[in-house]
Amino acid sequence: MEITGAQALVKALEIEGVTTIFGYPGGAVVPLYDALSRSKIQHVLVRHEPGAIHAANGYARASGKVGVCVATSGPGATNLVTGIAAAYMDSVPVVVITGQVPTTMVGTDAFQEVDITGITMPITKHNFLVKNPADIPMVVKKAFYIASTGRPGPVLIDLPKDVAARTIDFKYPEKVEIRGYKPNLKGHPQKIAEAVKLIREAQRPVIIAGGGVIAANASQELYEFAVKAEIPVTNTLMGLTSFPQDSPLFLGMLGLHGTRYANLAVTECDVLIGLGVRFADRVTGELSGFAPKAKIIHIDVDPAEIGKNVRADVPIVGDVKNVLQEMLKQIEPQKHAEWLSQINTWKQEFPLKYEKDDFIKPQETIKLLGEKTTADTIIATDVGQHQMWTAQFYPFKKPRTFLTSGGLGCMGYGLPAAIGAAVAFRDKQVILITGDGSFQMNMGELATAREQNLSLKIILFVNKKLGMVKQLQEYYANKNYFGVDLGFVPDFVALAHAYGIPGRKITRPEEVDGALNEMLAHKGMYLLEVEISPEEKVLPMVLSGAPIGEAVDW
Amino acid sequence: MRHTLSVLVENNPGVLARVAGLFSRRGYNIDSLAVGRTENPDISRMTIVVEGDDRVLEQVVKQLRKLVDVIKVQDITSEQYVSRELLLLKVHADSNTRGEIMQIVEIFRARIVDIGPKTLTIEATGDEDKIEAIENALRPFGIKELVRTGKIALLRGSRTSNINGVKEEE
Ligand SMILES: Cc1ncc(C[n+]2csc(CCOP(=O)(O)OP(=O)(O)O)c2C)c(N)n1
Ligand SMILES: [Mg+2]
């Protein structure tokens, strides 16, 4: 049957199981939108393209499925760039479709022409410029395969307008073979045996579980392994939710704003098991002081991560789930009573804490929220102090319930990501925890959320500051605070009202409990504005150039 | 240390940009890069000479392998291989120096491919050392223009580095 390239693309998306696309139209995608209008795929119209890519990101991370977004050529495509980089840094499977000027005009600086495949080369796992409509089915098949397998990541398909309009005989390929792309999923048996031997002999082992554990859906295996071998577990920011936080083996987050006891455990351990981590600089601190006494076992599906930042004594390239299953078979139950008691001493000596004063404490608010929500509640954040307080104080219990921009640290991520998750799970509670700086970056997406009848809850911490940068200036610029005052902030509750969203502003600690109850009991969307002290800090903090074993404390 | 990588890539538009972009954004130094089609028109071979210690090289190779359009990467530095480079060189030549230049060309088994009123254009092939040597020998006469292709290389004997077999890791 002859159909247009645009119809072929939409049909291919349907075959790939796509049910939702986040997008924003324009001239170059008129044929594509025409085809989309006749599909059962739901199109969520965002209000600015960054919203489309972040929503696809949130959708993918919450659901484990590939997220899809669409934008037109030129400015539509370039507006996606930051979000593509965010998805790339956090290994999120998304397929991005951009319109392009007709092939006959490519290279002529035509109206709304940009070389988006060129621009996104370093921030996509792969990208395609489709020149022949007959290639569309295979390109889509490859795009989904590449985005979702191995180490996941964004894949972009650039579709020129004339290619979308020409007709082809549609046939969807059943198999995909890419000779240059063969992810290695099974760990090397000999390396696995070496790792098990090291773990068996370890006196003071620690596991760092990263985002790769969630991507591989390996949380169950991680839990079983940690319990069987009695190994304490710390999470990277991206790894949070991969391990239940009510477990006594849990150490909280490590790194720059990690718990002292996680950082001390890593510093003192004799065997370190990195699971689906890339040993990013925010995690390791000064490299020479990172796990100086440990033999390091590094398990990751991406061979290029192994040995990149941190030497690996036992490198294992493979899918974290597969490798953990294999290790589970081989390891006998272990006991590390002495080590755990040492860790408990640290936990008592250096707990996460905050000092009470007349202001509402964001840490306490987040902790209290965690007591009121179910394990299925999905939390999204923006970037800044509120993000770190959430990472430190919210008691995550289930994988895929925390959406945050880790590697890129991209302000403006939160609201659209929360929308993406809420669209994926219309029956789940989704809560955005954001700051007055970040929220203003993409707050136009409130309209998208309303239009979609979502029941998002928004907790907005207002310190009238770009708080995290102010904190950096305190330490690294001798308190020369510059450019971090939000001298004017809108009346956010009134703003919410303008979108038909009820809300409330609180300023006193005794209001917190009731306000959270009111917000959670409300059926539809709700915005809770929480005024906090502009002086509040995120602690502990490892100073630049210091090893993670040393930190600024209270 | 300098390493010679033999890289098989899909003959797709943009593949050179992907490889070159990877080197520049990760701060790896390319000494030379030569690319052309192989016996299979769908596949090109790049011979890349890159400077770096073992750690850097390990990363270069792994990052190259991550590119979807890269089919196979081999570091052939410590293997037995034949390598050649092509040089075209335009040197100043007058009636006094012409004879001497022609002798040098003879010694290096190079060829004169063009003659101008005051120049000779010389073609030479050989491994890097030879190309360096002829360049040095001709420098005193005044080199007016010079172009080199960069090194190309194949393994010696019946061994091949074609795509049979997948990209091996480690
Ligand atoms: C797009 C973007 N621009 C700038 C930054 C640098 N930055 C990091 S945190 C931060 C302040 C965030 O302010 P706010 O959202 O109010 O959070 P707070 O730290 O006050 O809780 C800034 C500007 C960033 N991470 N992302
Ligand atoms: Mg703020």
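Residues numbered from 1 in each chain as written. Chains lettered and ligands numbered in written order. Predicted model: local features only at pLDDT ≥ 70, side-chain atom pairs only at ≥ 80, totals over all residues. Heavy atoms only, no water.

This brings us to the coordination of the magnesium ion (ligand 2). Residue and element names in this part refer to chain A. Distances from the magnesium ion (ligand 2) to its protein donors, Asp-436 (OD), Asn-463 (OD1) and Lys-465 (O), fall within 2.1 to 2.2 Å. Here the donor residues of the magnesium ion (ligand 2) are spaced in sequence according to D-x26-N-x1-K. Across this residue pair, the class does not change: Asn-463 and Lys-465 are buried. (Donors = N, O, S within 2.8 Å, 3.2 Å for Na, K, Ca; no water. Buried < 20%, exposed > 50% of the residue type's maximum accessible area, 1.4 Å probe, protein only.)

Moving on: the sheet that holds strand 10 (residues 233-235) of chain A. Residues and elements named next belong to chain A. The six strands lie next to each other as 11-10-9-12-13-14, forming an open sheet whose pairing is parallel. The sheet terminates laterally at strand 11 (250-253) and strand 14 (314-317), the two strands that pair on one side only. The sheet shows a mean angle of 15° between the axes of neighbouring strands, direction not considered. Where strand 9 (residues 205-209) lies against strand 10, three bridges are found, and the strand directions are parallel. If you follow Ile-207 over to strand 10, its bridge partner there is Val-233. Of the strands in this sheet, strand 9, strand 10, strand 11 and strand 12 (271-275) touch helix 12 (residues 260-268), which is tilted by about 110° from strand 11. (Pairing = 2+ DSSP bridges. Helix = DSSP H or I, 4+ residues; strand = E, 2+ residues; numbered from the N terminus. Axes fitted to C-alpha atoms, helices over the stretch in contact; angles between N-to-C directions. Contact = heavy atoms within 4.5 Å.)

This brings us to the UniProt feature "domain: Thiamine pyrophosphate enzyme N-terminal TPP-binding" (unreviewed entry) in chain A. The UniProt feature table records "domain: Thiamine pyrophosphate enzyme N-terminal TPP-binding" (unreviewed entry) at residues 4-117 of chain A. Taken end to end, residues 4-117 of chain A is 43% helix and 18% strand, and its two terminal C-alpha atoms sit 23 Å from one another. (UniProt positions renumbered as here; feature names shortened; annotations may be inferred.)

On to the packing of aromatic side chains. Residue and element names in this part refer to chain A. Under the defined criterion, the tally for this structure stands at twelve aromatic pairs over all chains. Judged by centre distance (6.1 Å) and plane angle (20°), the ring pair of Phe-243 and Phe-250 falls under stacked. Considered together, Phe-243 and Phe-250 belong to a single accessibility category, that of buried residues. An aromatic cluster of at least three residues, connected via ring pairs, comprises Tyr-223, Phe-243 and Phe-250. The positively charged end of Lys-470 is found above the aromatic ring belonging to Tyr-481, 4.8 Å away from the centroid. (Phe/Tyr/Trp six-rings, centres within 6.5 Å; stacked < 30°, edge-to-face > 60°. Lys NZ or Arg CZ within 6 Å of the ring centre and 35° of its normal.)

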